[in-house]
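# Examination of the molecular architecture
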Amino acid sequence: MSKQEHFHVEPWVDYVGSFIQKHRQFFIKLGNLETSLLSDTIAQITLDKPIYIAGLARSGTTIMLEMLAEHEGVVTHRYKDYPPVYIPYWWNWYLSHVPAKKRKAVERSHKDGILIT
């Protein structure tokens, strides 16, 4: 089995990601509009001791992110939040109104024991 056969991205995710990338400035403006419209709600949210995770590929950032995300009081982007990270509120609204397919968690292409859906 080739490396490309191990790596699978749903066609719609590839399409949406490509579309957002090609129209990045539009989505940045859309994200700014979302922020502006939600400014009263956002102003009520307090960030205390933010955690930033960065690293090179295969350095363990995903497992660290998953472990931290399990803790109460920690919020993070998840796989379902990509690719439209510029508009998280509207994307979550959309996801809450679209019937979700039940998917069996599978090991990601890195073969490292981390399961994704």
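Only a predicted model underlies this, so the values are computations on that prediction, with no experimental measurement involved.

### Overview of the overall build of the protein
Secondary structure assignment for the protein yields six helices and two strands. Listed N to C, the secondary structure of the protein is α-α-α-α-α-α-β-β in terms of helices and strands. By principal-axis analysis of the C-alpha atoms, the protein measures approximately 50 × 35 × 30 Å. When burial is assessed residue by residue, the protein has 13% of its 117 residues classed as buried. Across the protein, the fraction of contacts at a sequence separation of at least 24, relative to all contacts at a separation of at least 6, is 48%. Carbon and sulfur atoms make up 59% of the accessible area of the protein, which totals about 10,200 Å².

### As for the pattern of salt bridges
For the structure on display, the rule yields two salt bridges. Note that Asp 112 and Arg 58 form a salt bridge whose closest N and O atoms lie 3.5 Å from each other. On the criterion of sequence distance, the pair formed by Asp 112 in the loop between strand E1 (106–107) and strand E2 (115–116) and Arg 58 in the loop between helix H4 (39–43) and helix H5 (61–69) is long-range, its members being 54 residues apart. Assessed through its relative accessible area of 29%, Asp 112 is described here as partly exposed. The class of Arg 58 is exposed, set by a relative accessible area of 55%. We note a salt bridge from Arg 108 to Asp 112, for which the minimum N-O separation is 2.6 Å. One network of salt bridges, in which partners are shared, links Arg 58, Arg 108 and Asp 112.

The rules behind each value
- Residues numbered from 1 in each chain as written.
- Predicted model: local features only at pLDDT ≥ 70, side-chain atom pairs only at ≥ 80, totals over all residues.
- Heavy atoms only, no water.
- Helix = DSSP H or I, 4+ residues; strand = E, 2+ residues; numbered from the N terminus.
- Buried < 20%, exposed > 50% of the residue type's maximum accessible area, 1.4 Å probe, protein only.
- Contact = heavy atoms within 4.5 Å.
- Areas by Shrake-Rupley, 256 points an atom, 1.4 Å probe, with all protein chains shown as cover.
- Salt bridge = Lys/Arg side-chain N within 4 Å of Asp/Glu carboxyl O.

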